[in-house]
Amino acid sequence: MASIDTLPPLREVIATHDLSAKKALGQNFLLDLNLTAKIARQAGDLTGMDVLEVGPGPGGLTRGLLAEGARKVLAVEKDARCLPALAEIAAAYPGRLEVVEGDALAINPLERLTPPIAICANLPYNVGTELLVRWLTPPDWPPVWTTLTLMFQKEVAERIVAQPGSKAYGRLAVLAQWRCEAQIAMHLPPEAFTPPPKVSSAVVHLRALDRPRFEADAKMLERVVATAFNQRRKMLRASLKGLSAQIEDHLTAVGIAPTDRAERVSVEGFCALARQLSQHS
Ligand code: SAM
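What you see is a predicted model, and the numbers here were worked out from it, not measured in a lab.

S.K.: If you had to explain the domain arrangement of the protein chain to someone new, which residues and values would you point to?
M.R.: Accessible area lost during the coming together of the parts is what is often quoted as the interface size. Taken domain by domain, the protein chain consists of domain 1 (10–208) and domain 2 (218–279). Here the C-alpha centre of domain 2 lies 33 Å away from the C-alpha centre of domain 1. Across the boundary between the two partners, domain 1 contributes 13 residues, which contact 15 residues of domain 2. Three residues stand out in domain 1 for area buried against domain 2, namely Tyr169, Val174 and Trp178, and they jointly supply 48% of the buried area on that side. If you look at where domain 1 meets domain 2, you find 0 salt bridges. Where domain 1 meets domain 2, there are 5 residue pairs in polar contact (both at pLDDT 80 or more). Grouping the amino acids of the side of domain 1 that touches domain 2 by side-chain chemistry returns 5 nonpolar, 5 polar and 3 charged.

Here it is in structure tokens:
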């Protein structure tokens, strides 16, 4: 199969730089450059866009993003062992790859990029959800990024796109779908990674909407949704009673049965309840 660039195959890169995978860093590498190019394509047309990549590792996805035409890639990697391999990629794409050594949870790399910005990453599973929630809850909307194209465990991906009434529906689904279009773009079996993880994976693509689907104060909505799903088996009149002494009246006023459970309430319903609580607090 033709390679996407003139750099060495990833197995060779890993052997040269002695990049044995570390479990503690969530290192499950993608070594098939055709697959990483395919993942990069799920981000849409990258021409003229800056891309943030978290956890480039030996650089398979980084190479895909650059080959697909990203204006600039900023890659944040915690494992210093990967830096020499990434420096080789930077040399092959002059001026287009900047690598930052560090913990993506501790820095705000988006500040260094110029919109339009895409975020694309095969995330370490242990920090993926936290980063996603941060990107979904910026102080202002629309956010600085246009799209998120992210690898998750299949089960987490299903929670992001889940519909009301399903077991997977919860806080992540409401946060994601309130202000984004969210879809699963690709499924990947464990064997696609080296070493293979125990679970299957999926790439989720999210596109930020210009404005939220339904009006609501973001902080109030986040509070209502977190409280409701914190005790998801309870009826809403019980799980939400800490939010207001008149919670039954507020639920009824917006057309939600106080005996319903959180997983049956639509994004629109949660927004209506957040507006009602904002008005009466
Ligand atoms: N993108 C590469 C690929 O697809 O082959 C590697 C993906 S691997 C699942 C996750 C990468 O994230 C590893 O390279 C790991 O060292 C890095 N990493 C783990 N925790 C990190 C953190 N907090 N900040 C930045 N990078 C991190």
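S.K.: Would you mind going over the pattern of salt bridges in detail, with residue names and values included?
M.R.: Evaluation of the coordinates by the stated rule reveals 11 salt bridges. A salt bridge links Arg81 to Asp79; the shortest N-O distance between them is 2.9 Å. Look at Arg81 and you get partly exposed, because its relative accessible area is 24%. Judged by relative accessible area, Asp79 falls into the buried class, the value being 5%. A salt bridge links Glu130 to Arg134, with the nearest nitrogen and oxygen atoms 3.3 Å apart. In this pair, Glu130 and Arg134 both sit in helix H5 (residues 125–136), 4 residues apart, roughly one turn of the helix. Accessibility expressed as a relative area gives 42% for Glu130, which makes it partly exposed. Its relative accessible area of 38% is what places Arg134 among the partly exposed residues.

S.K.: So what's going on with the pairing of strand S4 (residues 97–101)? Which residues, and what values?
M.R.: As paired elements, strand S3 (residues 72–77) and S4 share 5 bridges and run parallel to each other. Residue Leu74 lies in a different strand from S4, and its bridge partner there is Glu98. Of the crossover connections in this fold, the one passing from S3 over helix H4 (residues 83–92) to the parallel S4 is right-handed.

S.K.: Any details on the environment of Val133? Residues and values, ideally.
M.R.: Its location among the elements puts Val133 in helix H5. Linking Val133 and Arg171, residues 38 residues apart in sequence, is a C-alpha distance of 9.7 Å. With residues up to four places along the chain from it excluded, the contact list for Val133 reads Arg171, Leu172 and Leu175.

Reading the values: rules and limits
- Residues numbered from 1 in each chain as written.
- Predicted model: local features only at pLDDT ≥ 70, side-chain atom pairs only at ≥ 80, totals over all residues.
- Heavy atoms only, no water.
- Domains from an automatic or database assignment.
- Contact = heavy atoms within 4.5 Å.
- Buried area = accessible area lost by both parts, 1.4 Å probe.
- Salt bridge = Lys/Arg side-chain N within 4 Å of Asp/Glu carboxyl O.
- Polar contact = N/O pair within 3.5 Å; in protein donor to acceptor, adjacent residues only side chain to side chain.
- Nonpolar A, V, L, I, M, F, W, Y, C, P; charged D, E, K, R; others polar.
- Buried < 20%, exposed > 50% of the residue type's maximum accessible area, 1.4 Å probe, protein only.
- Helix = DSSP H or I, 4+ residues; strand = E, 2+ residues; numbered from the N terminus.
- Pairing = 2+ DSSP bridges.
- Right-handed = clockwise from strand over helix to strand, strands pointing away.

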